[in-house]
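Take a look at the letters that make up each chain.
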Amino acid sequence: TRGMDIRGLVDDIWMPRLEAHRPELIFISAGFDAHREDDMGQLGLVESDYAWITQRLVQLADRHAQGRIVSCLEGGYSLSALGRSVEAHVRVEIARLLACPCNMSGDVILQVLADGMSHRAGARARPFPRPGAARRARRTAAVGVRLPRG
């Protein structure tokens, strides 16, 4: 399968059904194992395909859900492709937020994006959390969102 085939399916099947449903909130389970460098999905998608799908969902959210989107990383198994695909996905959402006159400071959003994208392709992934990570995660969850450090 190629990206253009998937785009056709999105336009012909997904979008009409989503439009008919008129969602008030969109949850995206953002999995990237359909990338052509990932052996799992074997769909042959590339970063621009993920960005295009995200853009279609952002447009849908703007029409029906007052722009409300929750996006959760599901996974991908090629770390290089995963990093590039996540970046493409997040950039579309960040661009929408920057265009909104009612959002938080664009500088804050750009800093969060820059900090999050500092773990680019080729960065070595840690197979297990660092010691104390679970305790820090619980503390962060109890306090709220913690911005990544630069």
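Residues numbered from 1 in each chain as written. Predicted model: local features only at pLDDT ≥ 70, side-chain atom pairs only at ≥ 80, totals over all residues. Heavy atoms only, no water.

## With respect to the confidence of the model for the protein
(1) Moving on: Across the protein, pLDDT averages 76, with 65% of residues at or above 70.
(2) Moving on: A low-confidence stretch, residues 119-130 (pLDDT under 50), is modelled with five contacts involving residues beyond four sequence positions or located in other chains.
(3) Moving on: Here residues 133-150 scores under 50 on pLDDT; set against residues more than four positions off or in separate chains, the count is 10 contacts. (pLDDT = per-residue confidence, 0-100. Contact = heavy atoms within 4.5 Å.)

## Comments concerning helix 2 (residues 47-64)
(1) Moving on: Between its terminal C-alpha atoms helix 2 stretches 26 Å, which fits the 26 Å expected from 18 residues at 1.5 Å a residue.
(2) Moving on: Turning to helix 2, its buried residues are Asp-49, Tyr-50, Ala-51, Ile-53, Thr-54, Arg-56, Leu-57, Val-58, Leu-60, Ala-61 and His-64.
(3) Moving on: Residue Gln-66 follows helix 2 closely and has a positive phi angle near 50°. (Helix = DSSP H or I, 4+ residues; strand = E, 2+ residues; numbered from the N terminus. Expected span 1.5 Å × (residues − 1). Buried < 20%, exposed > 50% of the residue type's maximum accessible area, 1.4 Å probe, protein only.)

## Concerning helix 1 (residues 3-21)
(1) Moving on: Taking 1.5 Å per residue as the helical rise, helix 1 with its 19 residues ought to reach 27 Å, and the 25 Å between its terminal C-alpha atoms agrees with that figure.
(2) Moving on: The largest bend in helix 1 is about 35°, located at Val-10.
(3) Moving on: Buried residues of helix 1: Gly-3, Ile-6, Arg-7, Val-10 and Met-15, and no others.
(4) Moving on: Positive backbone phi, at 55°, marks Arg-22, one or two positions downstream of helix 1. (Bend = angle between axes of the 7 residues up to and from the residue.)

## Some thoughts on unusual backbone geometry
(1) Moving on: At Arg-22, a position not held by glycine, the phi torsion is positive, near 55°.
(2) Moving on: As for its placement among the helices and strands, Arg-22 is situated in the loop between helix 1 and strand 1 (26-31).
(3) Moving on: Here the phi dihedral of Gln-66 falls at roughly 50°; this positive angle occurs in a residue that is not glycine.
(4) Moving on: By the secondary structure assignment, Gln-66 is in the loop between helix 2 and strand 2 (69-75).
(5) Moving on: Residue classification places Gln-66 among the exposed residues on the basis of a relative accessible area of 66%.

## Describing the nonpolar core
(1) Moving on: If you look at the biggest cluster of nonpolar residues, it comprises 21 residues, and the most contacted ones within it are Ile-26, Ile-28 and Ile-69.
(2) Moving on: Going through the elements one at a time, helix 1, strand 1, helix 2 and helix 3 (79-99) are the ones with two or more residues in this core.
(3) Moving on: No other element matches the seven residues that helix 2 contributes to this core.
(4) Moving on: Setting aside residues up to four positions removed in sequence, Ile-26 forms contacts with Leu-57, Leu-60, Ala-61, Arg-68, Ile-69 and Val-70. (Core = buried A, V, L, I, M, F, W, Y, C linked by side-chain atoms within 4.5 Å.)

## Section: the packing of helix 1 against helix 2
(1) Moving on: The geometry of helix 1 relative to helix 2 is characterised by a closest axis approach of 11 Å and an angle of 15° between their N-to-C directions. Put simply, helix 1 runs roughly parallel to helix 2. When the axes of helix 1 and helix 2 are compared, the crossing they make is right-handed. Where helix 1 abuts helix 2, its residues Gly-3, Ile-6, Arg-7, Val-10, Asp-11, Trp-14, Met-15, Leu-18 and Glu-19 lie against Ser-48, Asp-49, Trp-52, Ile-53, Arg-56, Leu-57, Leu-60, Arg-63 and His-64.
(2) Moving on: Across the contact of helix 1 with helix 2, the residue classes tally to nine nonpolar, three polar and six charged. (Axes fitted to C-alpha atoms, helices over the stretch in contact; angles between N-to-C directions. Parallel < 35°, antiparallel > 145°, perpendicular 65-115°, else oblique. Left-handed = near helix turned anticlockwise from the far one by under 90°. Nonpolar A, V, L, I, M, F, W, Y, C, P; charged D, E, K, R; others polar.)

## Points about the side chain of Glu-93
(1) Moving on: Tracing the chain through its elements places Glu-93 in helix 3.
(2) Moving on: Buried Glu-93, no salt bridge; nearest opposite-charge side chain is Arg-96, N-O distance 4.6 Å.
(3) Moving on: Leave out the neighbours within four places in its chain, and Glu-93 touches Ile-28, Thr-54, Val-58, Ile-69 and Ser-71. (Lys, Arg positive; Asp, Glu negative; His and termini not counted. Salt bridge = Lys/Arg side-chain N within 4 Å of Asp/Glu carboxyl O.)

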